[in-house]
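Letter by letter, the chains look like this.
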Amino acid sequence: MGLFTRNLFLKLVLSAAMTAAVALPASAADKVQLRMSTSGSETDQRSVALATVFGPAVSEFASYEPSYNATLFAQGTELEAMARGNLEMAIASAQELAQFMPEFSIFTAGYVHQSAAHQVAVFNDPLMDAFKKAAEDTLKIKLLSVMYLGQRQVNLRQPRSELDVKTPADLKGVNLRMPGTDSWQFLGKALGASPTPMAFSEVYTSLSTGSVDGQDNPLPTVVDAKFYEVTKQIVLTSHLVDLNYISIALETWNKLSAEQQALVQAAADEAAESGRQAQLQKESELVSFLKEQGLDVYEPDLASFRDQVQSMYIDSEFAKTWPEGVLDKINALGK
Ligand code: KDO
């Protein structure tokens, strides 16, 4: 081999080796597709956290593809879509999970979770292992991390001057929209109201036309979904410190390498924490914002709501599905 040819050959071999050595990001076609469907909006803090924290953190090997406002799958159908292989990720609710695994209703019961930090402590406690395993065995989904949706409050069309809510008795006959699953309807009844099942996407119109008297959601949602434009009061019942679980289809999870799984888990935890801090910050600011918008915002007789809601759950069919001792462990983590 002539000197010239030999040098050229060595250069070609060297450049090929260097190219191979640089782990080039997978091309879009090679990336793992992570479609996520939520009935939440693009500006909801959970959506923002997933898009700005989770997506970029896994972008070397995965393509995070969110769909908002239930445009890909209707609210409450995400878990089945994942089971059918048509969706890789969701921010699942305990209420939806409880439709398939009744024991999850313990996380839907009013006044059980006491704070965002309590939710994290519970999710990371060994008590959660059986719940996570049930989700994997029953629905073939992995619960990655717990997201803070916020403290749910009662939000009504009528001003306080027309309907002053002190105790659950004051909500008697109020047509309160609740999400569609059984555990949500039960929570509406436990509050003293007459619950109406309705998808999140229909709530604004129903409030504006008066086909419902009110709805319940955390303050960040009341503002993000602009429910304050069509309601006149917020009763700070804080009846459910609500959550969602960042979930991934087990089939997708199992395709990932151990390193990629660790990156996905870390990215989910980081996104959950980012969203949690954003929601908490908003909750600290929005009472004054909503009062500036002309809404009455006030605390009812909280003890009367807590007593009624807790006693209704303890005596309910839901409580019979709760694994022995778990409620005590949850309460102990909240002290
Ligand atoms: C709602 O429909 O009121 C609800 O808050 C229920 C939650 O479980 C969750 O589905 C949420 O909507 C959506 O993420 C929209 O914020």
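Here's what I pulled together on the structure shown here.

A closer look at the nonpolar core
Line of reasoning, step 1. Counting residues in each nonpolar core, the largest one holds 55 residues, and the members touching the most others are L97, F104, F107, L156, L171 and Y245.
Line of reasoning, step 2. The contact partners of L97, leaving out residues within four places of it in the chain, are L79, A92, F104, L139, I141, L143 and Y245.
Line of reasoning, step 3. Residues I91, L144, I248 and A268 belong to the second largest nonpolar core, which totals 25 residues.

Considerations on the pairing of strand β7 (residues 214-218)
Remark: a regular strand shows side chains that alternate across the two faces of the sheet.
Line of reasoning, step 1. When you tally the buried positions in β7, you get five out of five residues, the bulk of the element.
Line of reasoning, step 2. Alternating positions in β7 separate into two faces, G214, D216 and P218 on one and Q215 and N217 on the other, with burial throughout.
Line of reasoning, step 3. Across five bridges, the pairing between strand β4 (residues 141-156) and β7 is antiparallel. Bridge pairing in β7 links N155 to Q215.
Line of reasoning, step 4. With two bridges connecting them, strand β5 (residues 175-178) and β7 associate as parallel partners. Paired with R177 across the bridge in β7 is Q215.

What about the site of the ligand?
Line of reasoning, step 1. Among the 13 residues in the neighbourhood of the ligand, the closest are listed as R46, Q75, R152, R177 and N217.
Line of reasoning, step 2. Within the contact set of the ligand, an oxygen atom lies 2.7 Å away from a side-chain nitrogen or oxygen of R177.
Line of reasoning, step 3. Between N217 and the ligand, the recorded distance is 2.8 Å, taken from a side-chain N or O atom to an oxygen atom.
Line of reasoning, step 4. For the ligand, the accessible surface in isolation is 370 Å², of which the surrounding protein chains cover 97%.
Line of reasoning, step 5. When atoms are counted within 2 Å of each cavity's grid points, the one that captures over half of the ligand is the largest pocket.
Line of reasoning, step 6. In terms of residue class, the shell around the ligand is made up of four nonpolar, six polar and three charged.

Comments concerning helix α5 (residues 116-123)
Line of reasoning, step 1. Buried residues of α5: A116, H118, Q119, V122 and F123, and no others. What you see down the axis of α5 is that its buried residues fit within an arc of 160°, all on one side.
Line of reasoning, step 2. Buried residues along α5 sit against α6 (129-139), β4, β8 (233-249), α11 (258-292) and α13 (326-333).

Section: the layout of surface pockets
Line of reasoning, step 1. Size it by volume and the largest pocket reaches roughly 400 Å³.
Line of reasoning, step 2. Residue lining of the largest pocket: 31 residues in total, with S39, Q75, S93, E96 and N244 positioned closest to the centre.
Line of reasoning, step 3. Broken down by secondary-structure element, the contributors of at least two residues to the lining of the largest pocket are α3 (78-83), β3 (89-92), α4 (94-100), β4 and β8.
Line of reasoning, step 4. Of the residues assigned to the lining of the largest pocket, the class counts are 11 nonpolar, 13 polar and seven charged.
Line of reasoning, step 5. Of the voids in this model, the second largest pocket is the one considered here, and its volume is about 200 Å³.
Line of reasoning, step 6. Lining of the second largest pocket is provided by 15 residues; of these, G85, E88, E251, T252 and K255 occupy positions nearest its centre.
Line of reasoning, step 7. Sorting the residues of the lining of the second largest pocket by element identifies β1 (32-37), α3 and α10 (250-255) as the ones contributing at least two each.
Line of reasoning, step 8. Counting residues per element, the lining of the second largest pocket draws most heavily on α10, which supplies four residues.
Line of reasoning, step 9. Taken together, the residues that form the lining of the second largest pocket break down as six nonpolar, three polar and six charged.

Thoughts on the side chain of R46
Line of reasoning, step 1. Along the polypeptide, R46 turns up in helix α2 (residues 45-57).
Line of reasoning, step 2. Residue classification places R46 among the buried positions, given a relative accessible area of 9%.

Some details on the packing of aromatic side chains
Line of reasoning, step 1. Inspection of the entire model under this criterion finds 10 aromatic pairs.
Line of reasoning, step 2. Between F104 and F107, the ring centres sit 6.1 Å apart and the planes meet at 65°, which makes this aromatic pair edge-to-face. Residues F104 and F107 agree in their burial class; the two are buried.
Line of reasoning, step 3. With 5.3 Å between their ring centres and 80° between their planes, F104 and F131 make a pair best called edge-to-face. With a gap of 27 residues between them, F104 in the loop between α4 and α5 and F131 in helix α6 connect regions that are remote in the sequence. With respect to burial, F104 and F131 carry one shared label: buried.
Line of reasoning, step 4. Following the ring pairs from residue to residue traces out a cluster consisting of F104, F107, F123, F131 and Y245.
Line of reasoning, step 5. Across the ring face of F123, the terminal group of K132 is positioned such that the distance to the ring centre comes to 4.1 Å.
Line of reasoning, step 6. Positioned above the aromatic ring of Y298, the side-chain terminus of R160 is 3.7 Å from the ring centre.

Considerations on the pattern of salt bridges
Line of reasoning, step 1. Taken as a whole and assessed by the stated rule, the structure comprises 10 salt bridges.
Line of reasoning, step 2. Across the pair K320 and E317 runs a salt bridge, and its minimum N-O distance is 2.5 Å.
Line of reasoning, step 3. The exposed category is assigned to K320, whose relative accessible area is 63%.
Line of reasoning, step 4. Connected through salt bridges with shared partners, the residues R152, D216 and D242 form a single ionic network.

What counts and how
- Residues numbered from 1 in each chain as written.
- Predicted model: local features only at pLDDT ≥ 70, side-chain atom pairs only at ≥ 80, totals over all residues.
- Heavy atoms only, no water.
- Core = buried A, V, L, I, M, F, W, Y, C linked by side-chain atoms within 4.5 Å.
- Buried < 20%, exposed > 50% of the residue type's maximum accessible area, 1.4 Å probe, protein only.
- Contact = heavy atoms within 4.5 Å.
- Helix = DSSP H or I, 4+ residues; strand = E, 2+ residues; numbered from the N terminus.
- Pairing = 2+ DSSP bridges.
- Near = heavy atom within 4 Å.
- Polar contact = N/O pair within 3.5 Å; in protein donor to acceptor, adjacent residues only side chain to side chain.
- Areas by Shrake-Rupley, 256 points an atom, 1.4 Å probe, with all protein chains shown as cover.
- 1 Å grid on protein atoms, 1.4 Å probe; cavity = no way out; pocket = protein on both sides within 12 Å on 5 of 7 lines; lining within 4 Å.
- Sits in = over half its atoms within 2 Å of the grid points.
- Nonpolar A, V, L, I, M, F, W, Y, C, P; charged D, E, K, R; others polar.
- Arc of directions from axis to C-beta.
- Points joined across faces, edges and corners; volume = space filled by probe spheres on them.
- Phe/Tyr/Trp six-rings, centres within 6.5 Å; stacked < 30°, edge-to-face > 60°.
- Lys NZ or Arg CZ within 6 Å of the ring centre and 35° of its normal.
- Salt bridge = Lys/Arg side-chain N within 4 Å of Asp/Glu carboxyl O.

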